[in-house]
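Geometric and topological summary
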Amino acid sequence: MTAFATPELADLDTAGVSDAELVARATALVPLIREHAADATKNRKVSPEVIDAIASAGLFHVMVPKRWGGQGATFKTACDVVAEIARGDGSTGWVTALTLLATAYGATNTTQAQDDVFGANPGARICGIFSPGDKSEKVEGGYLVSGKWPYASGSFAAQWASLTITLEGGAPGMALIPAEAFTIEPTWFVAGMQGTGSDTIVVKDHFVPEYRVQPVADMFSSKFRSPFTEEHVASMPFNAVAAGILVAPQIGLGRHALELTREKLPKKPVAYTAYGQAKDSPTHQLGVARAATKLRLAELLLDAMAADIDGAAEKHELPNPEILARIRNDTGVVAELVKEEIDYLLTANGAGSFADVNVLGRVWRDSETAARHALVTPEIGREAYGRQLLGNYDPTIGL
């Protein structure tokens, strides 16, 4: 972890920067990200040069409040930033999404916890694992924590981890644990999203003070421990944002796939037909049109989800249960739409798409892997939404 820079407040350079400029910064990084994408896959983690460039642009801190040097940006802006970075590389977009999310919600904890994280280093990054993997014991003043947390995306470049632990009484809570208190066990050997470094965090007998813990139920209800309740991130329910941010990389992957297709397919001969170029083939025209439409629908749906989340946050209100259920449902639908888009494009481009050296094959593997995240599972989202629509609401399912 010492290979990665941890920018000071002045280096983040986000004060007074517009949302459009933040997205433009992400776009400007795409060539660098693509240059290092193969190395990220090979090394199972995003290259230090890329992490440092994203950090220096302030993009890990877009939703962090301005008082800590962040931009305090909307969820929409965060999604747009992540999508552009994922257009460069899916793994890099995924790491950005999870780090951006966990770091922002680090600023919703107690004042003392925030000072521990950002006071000494406003450029600190937090990785997050939202499923329990611990053996927690309530002790005086806090919790004694041990355990293993797999799928710790971006942990290789984080100074803190936000880990789900079991609180007294059995309820889950999110605990902030410094990097010096955990080790990383290499366990991420997968077909897609290979560069996310989603290895396993291991903690042994670490004391977490009570002031660094937030009950998950309170985070779902926007009842954060921070006294700065007027801030945008403190008005956004964690569950809706955590689900929604996971499909922003899918949008970037879908855009990259369409970009590659429009660049390379038009002049490609269509084997065993009379068409000398694919651009003249109605089959290919229809396939690409269907793909582009799927992507456009996914973009519109994610924008609508962001509008629901940001609109409620601006009023400092919690979205009603039906909107929350719809967001959970639509998260899965966005992933489905992008998967279908990429499938159409793979068919249009032919079997060569699956060659190891073909970037489109990596895009496909990344999309298929990311779409299997538990918070993105379409049928769970449909069940939650269907229950709500039929008056059989169960807050424990899919929300």
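First, a word on scope: everything that follows refers to the structure included in this document. The structure presented is a predicted model; accordingly, all values stated were derived computationally and were not measured. (Residues numbered from 1 in each chain as written. Predicted model: local features only at pLDDT ≥ 70, side-chain atom pairs only at ≥ 80, totals over all residues. Heavy atoms only, no water.)

A look at the sheet that holds strand E8 (residues 213-215)
An order of E1-E4-E5-E8 is seen for the 4 strands of this open sheet, with the pairing classed as mixed. The open sheet has two edge strands with one neighbour each: strand E1 (126-129) and E8. Geometrically, the sheet is characterised by an average inter-axis angle of 25° between neighbouring strands, direction not taken into account. Contacting E1 and E8, helix H6 (residues 90-106) runs over the sheet at an angle of about 100° to E1. (Pairing = 2+ DSSP bridges. Helix = DSSP H or I, 4+ residues; strand = E, 2+ residues; numbered from the N terminus. Axes fitted to C-alpha atoms, helices over the stretch in contact; angles between N-to-C directions. Contact = heavy atoms within 4.5 Å.)

Here we look at the pattern of salt bridges
Applying the stated criterion across every chain, the model contains 22 salt bridges. Between Arg296 and Glu299 there is a salt bridge; the shortest N-O distance is 3.6 Å. Note that Arg296 and Glu299 are positioned in helix H11 (residues 282-314) at a spacing of 3 residues, about one turn of the helix. Its relative accessible area of 46% is what places Arg296 among the partly exposed residues. The class for Glu299 is buried, based on a relative accessible area of 15%. Put simply, Arg382 and Glu336 hold a salt bridge, and the shortest N to O gap is 2.5 Å. (Salt bridge = Lys/Arg side-chain N within 4 Å of Asp/Glu carboxyl O. Buried < 20%, exposed > 50% of the residue type's maximum accessible area, 1.4 Å probe, protein only.)

Here's the deal with the packing of aromatic side chains
All told, the structure shown has 6 aromatic pairs when counted by the stated rule. Taken together, a centroid distance of 6.1 Å and an interplanar angle of 80° make the contact between Tyr151 and Trp188 edge-to-face. Here Trp188 lies in the loop between strand E6 (182-185) and strand E7 (199-209) and Tyr151 lies in strand E3 (residues 142-152), a separation of 37 residues in the sequence. Here the aromatic residues Tyr105, Phe130, Phe224 and Phe238 are joined through ring pairs into a cluster of three or more. Here Arg67 stacks its cationic end above the ring of Phe228, 3.8 Å away from the centre of that ring. (Phe/Tyr/Trp six-rings, centres within 6.5 Å; stacked < 30°, edge-to-face > 60°. Lys NZ or Arg CZ within 6 Å of the ring centre and 35° of its normal.)

Quick notes on helix H14 (residues 378-389)
Along its 12 residues, H14 runs 16 Å from first to last C-alpha, staying within 8% of the 16 Å computed at 1.5 Å per residue. On its buried face, H14 is in contact with helix H12 (321-349). (Expected span 1.5 Å × (residues − 1).)

Some points on the packing of H12 against helix H13 (residues 359-370)
Interaxial distance between H12 and H13 falls to 10 Å at its minimum, and their mutual angle equals 155°. Relative to H13, H12 is oriented roughly antiparallel. Where H12 crosses over H13, the two elements pack in a sense that is left-handed. Contact with H12, carried on its side by Val338, Lys339, Ile342, Leu345, Leu346 and Asn349, involves Leu360, Val363, Trp364, Ser367 and Glu368 of H13 and no other residues of that element. (Parallel < 35°, antiparallel > 145°, perpendicular 65-115°, else oblique. Left-handed = near helix turned anticlockwise from the far one by under 90°.)

Things to note about the nonpolar core
Leu59, Val62, Met236 and Ile245 are the most contacted members of the largest nonpolar core, which has 86 residues in total. Here this core takes 12 residues from H12, the largest share from any one element. The contact partners of Met236, leaving out residues within four places of it in the chain, are Met63, Phe75, Tyr105, Ser222, Phe224, Val241, Ile309, Asp310 and Ala313. Counting residues in each nonpolar core, the second largest holds 20 residues, with Ala152, Leu167, Phe182 and Ile201 among its members. (Core = buried A, V, L, I, M, F, W, Y, C linked by side-chain atoms within 4.5 Å.)

Quick look at empty space enclosed by the protein
This model, assessed by the stated rule, comprises 1 cavity of 30 Å³ or more. Ala102, Tyr105, Gly106, Asn109, Phe130, Ser162, Met174, Leu176, Gln214, Met219 and Phe238 together form the lining of the largest cavity. Of all the secondary-structure elements, those providing two or more residues to the lining of the largest cavity are H6 and strand E5 (172-178). For the lining of the largest cavity, the element with the most residues is H6, which contributes 3 residues. A class-by-class count of the residues in the lining of the largest cavity yields 7 nonpolar, 4 polar and no charged. (1 Å grid on protein atoms, 1.4 Å probe; cavity = no way out; pocket = protein on both sides within 12 Å on 5 of 7 lines; lining within 4 Å. Points joined across faces, edges and corners; volume = space filled by probe spheres on them. Nonpolar A, V, L, I, M, F, W, Y, C, P; charged D, E, K, R; others polar.)

Topic: unusual backbone geometry
Positioned with a positive phi, Tyr151 is a non-glycine residue whose angle comes to about 60°. For Tyr151, a relative accessible area of 57% translates into the label exposed. Its identity as a non-glycine residue notwithstanding, His316 has a phi of 55°, on the positive side. Within the secondary structure layout, His316 lies in the loop between H11 and H12. For His316, a relative accessible area of 47% puts it in the partly exposed group.

Re the sheet that holds E3
Read across the sheet, 4 strands follow the order E2-E3-E7-E6 without closing on themselves; strand pairing throughout is antiparallel. Of all strands in the sheet, those with a lone pairing partner are strand E2 (134-139) and E6, marking the two edges. Each strand axis lies, on average, 15° off the axis of its neighbour in the sheet, ignoring direction. Where E2 and E3 come together, 6 bridges link them in antiparallel fashion. If you follow Val139 over to E3, its bridge partner there is Gly142.

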